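The primary structure of each chain is shown beneath.
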Amino acid sequence: MAHKIRLILILLLVLGLSGCGTWKDIKDWWRPTDMARATPEGLYKLGTELYQEGRYKKAIESFQRVRELYPLHRLAPDAELGIADAYFSNKNYVEAELTYKDFIDLRPTNDNVPYAMYQLAMCHFMQMESIDRDQTDTVKALRAFERLIARFPDSRFSLLAERHILECRKQLAEHEFYVGNFYFTQGKYKAAMGRFETIAREYPGIGLDYKVGYFIEESKKRLIRQEEQEKARKEKEEKKTRAKEEKTAARK
C-alpha cells in the first residue's frame, strides 16, 4: 500500500513538473483501460464515459476501435452513432454530418435511423447564418427535416423537426425581406417587389403577412411612379433631340 502511495505521489510530481498534469490524466491512469480494450462492451463503456466527460476526441477513438475491431457486434451501430454524436458535440458539424449520413446509408433498417436523420439536419441547423448572410445551411436543414417527416411521420424526432421547420421557414422569409427591403431603399422597386411577392407566396402565416402586404403595394405604387418619371424623361430627351435636329436642318 505504501509503495502504491509513493507511485501516486511520483506521478503527481511528474505531471506537475511537465505542466500538463490534470485530474483527468490521473483518472485515466486509474481507469482500467487494458481491461476495457479487451472487450467491445468495455471499449464502448469507456467511450461513453469519455463522451460524458466532454473528452470527445478520446471518445471517438474508443468508439472507432469498437467499429474497427468488432464490426459485427451488436454495439457497433451504437459506436458509430457515438462517433457522430462526439463530432456533433465538439461542433465539428462537417464530420458529424458525414458520419450520420454513412449510418443512414449503411443501416437503413436500424431503429436509430430517425435519430440519425434528425441529427444530420441539426448539423445544418446549427450552422445557419444570420438573415443578412447566405442561407445555404438553412435550406439544407429545412430539406433534411422534411425528408425525416416524410419517411418517419410518426417518429418523436419528426415532432421536433416540425418545430425546426417553422424556424427555418421564418429565417428564409426574413432573409427575403431583408434583401427586398435593401432593394426598396435603393429605389429598385421591381426587384424589391419580386422578393416581397416570394414571401407572400412561399411563406404565408409566419408573422410577416401584414408587413409584406404593405411593401408589395408600396413597391407597386413607387414602381408606377418611377416608370412614369422615366417615360417623361425619355420624352423630354427625345423632344430635345428632335428640336436640335430641326434646328440643324434649318441652317442647311
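The shown structure was predicted, so the numbers you read here are calculated from the model rather than taken from an experiment.

A. Structural detail: the packing of aromatic side chains. If you walk through the whole model with that rule in mind, you get 15 aromatic pairs. Where Tyr118 meets Phe157, the ring centres are 5.7 Å apart and the plane angle is 35°; that geometry is what we call tilted. Of this pair, Tyr118 sits in helix α8 (residues 113–125) while Phe157 sits in helix α10 (residues 156–185), and the two are 39 residues apart along the sequence. Look at Tyr118 and you get buried, because its relative accessible area is 9%. Residue classification places Phe157 among the buried residues on the basis of a relative accessible area of 13%. Ring centres of Phe184 and Phe215 lie 5.2 Å apart, and the angle between their planes is 80°; on these two criteria the pair is classed as edge-to-face. Taken together, the residues Phe184 in helix α10 and Phe215 in helix α12 (residues 209–251) connect sequence positions 31 residues apart. Across the pair, exposure class does not vary: Phe184 and Phe215 are buried alike. Among the aromatic side chains, those forming a connected cluster through ring pairs are Tyr100, Tyr115, Tyr118, Phe125, Phe145 and Phe157. For Lys211, the ring lying beneath its charged end belongs to Phe177, and the centroid distance is 4.3 Å.

B. Seen up close, the confidence of the model for the protein chain. Overall, the predicted model of the protein chain reaches an average pLDDT of 87, with 85% of residues at or above 70. Low pLDDT, under 50, characterises residues 1–23; the predicted model gives this stretch ten contacts beyond four residues in sequence or across chains.

C. Region of interest: the side chain of Glu176. Within the secondary structure, Glu176 is located in helix α10. Given the relative accessible area of 14%, Glu176 is considered buried. Residues contacting Glu176, with those up to four places away along its chain left out, are Arg195, Thr198 and Ile199.

Parameters at a glance
- Residues numbered from 1 in each chain as written.
- Predicted model: local features only at pLDDT ≥ 70, side-chain atom pairs only at ≥ 80, totals over all residues.
- Heavy atoms only, no water.
- Phe/Tyr/Trp six-rings, centres within 6.5 Å; stacked < 30°, edge-to-face > 60°.
- Helix = DSSP H or I, 4+ residues; strand = E, 2+ residues; numbered from the N terminus.
- Buried < 20%, exposed > 50% of the residue type's maximum accessible area, 1.4 Å probe, protein only.
- Lys NZ or Arg CZ within 6 Å of the ring centre and 35° of its normal.
- pLDDT = per-residue confidence, 0-100.
- Contact = heavy atoms within 4.5 Å.

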